[in-house]
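Residue-level structure breakdown
Below, each chain spelled out in residue letters.
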Amino acid sequence: MNPHSAAGARPPAGGSPCPAYGTWRAPGARCRTPRCRPGCPQEGRPPAYAGAALVRLEYVSRLQVVSGKGGTGKTTVAAALALALATEGRRTLLVEVEGRQGIAQLFETEALPYEERRIAVAPGGGEVFALAIDPELALLDYLQMFYKLGGAGRALKKLGAIDFATTIAPGLRDVLLTGKACEAVRRKDKRGRFAYDYVIMDAPPTGRLTRFLNVNDEVAGLARIGPIHNQAQAVMRVLKSPETAVHLVTLLEEMPVQETADGIAELRAARLPTGRIIVNMVRPTLLDETSLALVREGVPRAAVARSLSAAGLGGARRGGGADRLVTPLLGQADEYAARHALERDQRTVLAELGLPLHELPLLAEGMDMAGLFQLATRLRRQGIS
Amino acid sequence: MTPRTQGTPSEESPVPIRGLDVDPLLDDPQTRIVVCCGSGGVGKTTTAAALGLRAAERGRRVVVLTIDPARRLAQSMGIDSLDNTPRRVKGIDDTAGGELHAMMLDMKRTFDEIVEAHADGDRARAILENPFYQSLSAGFAGTQEYMAMEKLGQLRARDEWDLIVVDTPPSRSALDFLDAPKRLGSFLDGKLIRVLMAPAKVGGRAGMKFLNVGMSMMTGALGKLLGGQLLRDVQTFVAAMDTMFGGFRTRADATYRLLQAPGTAFLVVAAPERDALREAAYFVERLAAERMPLAGLVLNRVHGSGAAHLSAERATAAAEALDETAAEDLDEAGASALDETAETAETAAEVLDEADGQVVDETDMEMDRPEGIADRPEGKAEDRTSGVTSGSGSPSGSDSSSGSDSSSGSRSPSGSSRPNGTRDQQAVDHLTSGLLKLHAERMRLLAREQRTRERFAALHPEVSMTEVAALPGDVHDLAGLRDIGDRLAARPPKTPGG
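Residues numbered from 1 in each chain as written. Chains lettered and ligands numbered in written order. Predicted model: local features only at pLDDT ≥ 70, side-chain atom pairs only at ≥ 80, totals over all residues. Heavy atoms only, no water.

Per an unreviewed UniProt entry, chain B carries the name Anion-transporting ATPase and comes from Streptomyces sulfonofaciens.

See the structure below:
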């Protein structure tokens, strides 16, 4: 039995986490599954100390940008991260910039307005707020904040200038989106404390990410003077500082991994701070290396039929119930082996990218609130918060 | 295109699912454009490429337009790079007289070409060098979608191809490409442009006093916001583009109408997952609202099993039975077992050799049984105690009558049902337990996919569907695309285990 999958998300009394996989082992269990790779200090060793549950980083960036190829579960990971960071009474803000209302769907609430509202309470009293940034309202907001342009804002809207600014004007839309997130990062309350401990942004997919984040640079080049220029410069200072970390979500498949590698290269070229790689929807290990070797070498069919028969699945003789199961079951094992080999290659590629790697399991029953909390717990145990 | 129904809804499924016949759609000379849309990560690009290849090998002159910046189509078509002009794809089967061309949209290049085609030398240069233009054309929100439509219009106008297969941009909402031309059009026709073009004219009109006030506030605000220099850049750009605006609008409208025309078929691509199908449902509704002709839904990455009659519950129980037996064997592992190893291994090997040569013909017999009646009657009639000792976890008992082959003679008196505690057999038992767990997982996945699909079919009974079985790896070459094409065209839609 795999101690990782066996122990699941809930820590057993006196258990300890596998630092490489973030799952819990029962007390005394050894971490020696095939999935436990070099780099897991617990490999082959009994857990040292039950209290060492949370691995804390020295510095966690206050603006965490989450991107990835479409379909990798960016929004889910961003939301789990917002929950994971909202520990011990901390407040986090989960920001959506693409108008998809993905957060509302995930948290099973009605569509989010352009307003910061609390959507979840994390264990230990932390709070998660969410904001769906609407570029048009953000622009009016911005005009109001800096120029007190109440009536003129409406006139602008009538003229189509707001439409222009938010849909057509190069980069302006993106400055407004990133600008709003940066504003939330820097906002302080009356007592001078940060309004949010962390801001997590569910960013556009990898293909458009660098352009999205770097757009302030482009606008700063375009608008060489003026408030937009200054705003863009200020936003860029936040985005390029250690205050920001850009995480990429991937699956263990070729194209998402390739896109992750490309994305990291682009981010580095643009001098944007790269954070972590989060491998999402990792499938459980169902056949260990010994069994995979047997499948590769071509296990005797009759032996499998006898095992199946012994397990109560019909006769092992030719044409018997168990015998007839052998072909389809071995076929499924071949598929599994092919995918397993592919996943191993992709893990190697990811490891070479030189960023911390995290893995989140595939939640077979689909994503819901319970699943989100489960993923958040995994992230926390992997020392991401 | 009218949706092609298959007529007979599949009997196993409680919700009738209409089958989508891909081949008649691709073969119909009236079909001139196929648009693949869907959310990210569902295999849109691969589907578009596979459809293009299939149509070409069935005799049509096809061009595939992809807009995806990840250059995935290039990879899957085995071409090193795709530029802004269609390239002929080599290595396809052209015995039917078809051709396959592929291209990848370079939106800046497309925009530049429009400028060059519609403005004289100096003016074109002025536009191309304008910083505002450079940013706009480098691809901010909307430009990509607009240029995709522009390119589609161009390809259609060239009339060199029988069929254009389009892959849509990986937008935040995959139907942005429908909105972008309208947005750009409304902007170009809008008051703002007129204001930027000729503020004095607007201000001078009678009865426009309010607007006049708004105007000065607005130019002031814009100036404040963007900086005077950017505003000047925009004004210069707009002035230079003046003559082209009408053209943009007209072409955007023409392309939009082209999409509504009967020669166009939209295919919504999705995976059998809750979120992907939810988004697919949104596309279906949106296309209907825009009066765009929907041909059907392509459901990618659908799983099946050749052993669908074995339910997840029964497979899990059997795996547990094997695991328990293994644990017991460990406990009572003695030296005696080791001595016997060699002998039994030989016996086993003989049996195996014999069985290996066998072709199991009856496999199909039980394959199509729905999982609900997985327990076979003969299993129930058997004496349950003679089977697995640890069989408490096995719901159906064992079929011991079939154990009359050579292995049944060597059952150990300790009660283990297996021939012997040999290491080989232990390893095989361990593997078998894994196989059963794998199967249980697969069956649960099948059930989930089935539920999701039925929910969609209940919401949109009018939508025809075709399914593509999941592949273990990615598609890299024409052979892979051909395989996908075969799966796309296969009918009827499979029920789990079919």
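**Considerations on the overall build of chain A**
Of the regular secondary structure elements, chain A holds 14 helices and ten strands. The buried share of chain A, reckoned over its 385 residues, is 60%. A separation of at least 24 residues holds for 66% of the contacts in chain A among residues at least 6 apart in sequence. Accessible surface computed for chain A: about 14,800 Å², of which carbon and sulfur atoms make up 52%. (Helix = DSSP H or I, 4+ residues; strand = E, 2+ residues; numbered from the N terminus. Buried < 20%, exposed > 50% of the residue type's maximum accessible area, 1.4 Å probe, protein only. Contact = heavy atoms within 4.5 Å. Areas by Shrake-Rupley, 256 points an atom, 1.4 Å probe, with all protein chains shown as cover.)

**Some words on the pairing of strand E9 (residues 274-282) of chain A**
Looking along a regular strand, one sees the side chains alternate between the two faces of the sheet. Residue and element names in this part refer to chain A. Of all nine residues making up E9, seven are buried, and the element is well covered by its neighbours. As paired elements, strand E8 (residues 244-250) and E9 share four bridges and run parallel to each other. Considered in E9, the bridge of leucine 248 is made with isoleucine 277. Note on the crossover from E8 through helix H10 (residues 254-269) to E9: the handedness is right-handed. (Pairing = 2+ DSSP bridges. Right-handed = clockwise from strand over helix to strand, strands pointing away.)

**A word on the sheet that holds strand E1 (residues 18-19) of chain B**
All names here are of chain B. One open sheet accounts for nine strands, arranged E1-E9-E8-E7-E2-E6-E3-E5-E4; its pairing is mixed. Of all the strands in the sheet, just E1 and strand E4 (87-88) have a single pairing partner and so form its edges. Looking at chain direction, strand E3 (residues 61-66) and strand E6 (residues 163-167) are connected through four bridges and run parallel. Along E6, the bridge assignment pairs valine 64 with valine 165. Along the sheet, helix H13 (residues 274-289) contacts strand E2 (33-37), strand E7 (264-270) and strand E8 (294-302); its crossing angle with E7, the most-contacted strand, is approximately 160°. Across the sheet, helix H19 (residues 478-489) is in contact with E8 and strand E9 (464-469); its angle to E9 comes to roughly 140°. (Axes fitted to C-alpha atoms, helices over the stretch in contact; angles between N-to-C directions.)

**Comments concerning a negative patch on the surface**
Residues and elements named next belong to chain B. A cluster of acidic residues, Glu320, Glu324, Glu328 and Asp331, forms a negative patch at the surface. Here glutamate 328 lies in helix H14 (residues 312-331). Owing to a relative accessible area of 33%, glutamate 328 belongs among the partly exposed residues under this scheme. (Patch = residues over 30% accessible without salt bridge, like charges linked within 9 Å, V, L, I, M, F, W, Y side chains within 5 Å. Salt bridge = Lys/Arg side-chain N within 4 Å of Asp/Glu carboxyl O. Lys, Arg positive; Asp, Glu negative; His and termini not counted. Charge placed at Lys NZ, Arg CZ, Asp CG, Glu CD.)

**Concerning the pattern of salt bridges**
Residues and elements named next belong to chain B. The tally for this structure, following the rule as stated, stands at 34 salt bridges over all chains. Between glutamate 99 and arginine 61 there is a salt bridge, and its shortest N-O distance comes to 2.8 Å. In this pair, glutamate 99 is assigned in strand E5 (residues 99-104) and arginine 61 in strand E3, connecting sequence segments 38 residues apart. A salt bridge links arginine 453 to glutamate 467; its shortest N-O distance comes to 2.6 Å. Residue arginine 453 is located in helix H18 (residues 423-459), and its partner glutamate 467 is located in strand E9; the two are separated by 14 residues in the primary sequence. Pair check on accessibility: arginine 453 and glutamate 467 agree, each one buried. Connected through shared salt-bridge partners, Lys108, Arg109, Asp112, Glu113, Glu116 and Lys151 make up one network.

**A closer look at the nonpolar core**
B:Val268, B:Leu297 and B:Phe456 are the most contacted members of the largest nonpolar core, which has 54 residues in total. The dominant element in this core, judged by the number of residues it contributes, is helix H12 (residues 228-260) of chain B, at seven residues. Other than its neighbours up to four places away in sequence, B:Val268 contacts B:Cys37, B:Ala280, B:Phe283, B:Val284, B:Leu287, B:Leu294, B:Gly296, B:Leu297 and B:Val298. Grouped together as the second largest cluster of nonpolar side chains are 50 residues, A:Leu63, A:Leu239, A:Val246 and A:Leu252 included. (Core = buried A, V, L, I, M, F, W, Y, C linked by side-chain atoms within 4.5 Å.)

**Topic: unusual backbone geometry**
Positive phi values are uncommon outside glycine, yet A:Glu108 reaches one of about 55°. Following the sequence through the fold, A:Glu108 ends up in the loop between helix H3 (102-106) and strand E5 (117-121). With a phi close to 55°, B:Arg291 is a non-glycine residue in the positive phi region. Secondary-structure assignment places B:Arg291 in the loop between H13 and E8. For B:Arg291, a relative accessible area of 64% puts it in the exposed group.

**What about the sheet that holds strand E10 (residues 357-361) of chain A?**
Residues and elements named next belong to chain A. As summarised here, the arrangement of the eight strands in space is E5-E6-E4-E7-E3-E8-E9-E10, forming an open sheet in which the pairing is mixed. Two strands lie at the open edges of the sheet, namely E5 and E10, each paired on one side alone. Pairwise comparison of adjacent strand axes, ignoring direction, gives a mean angle of 25° for this sheet. Along the sheet, H10 makes contact with E8 and E9, crossing E8 at roughly 165°.

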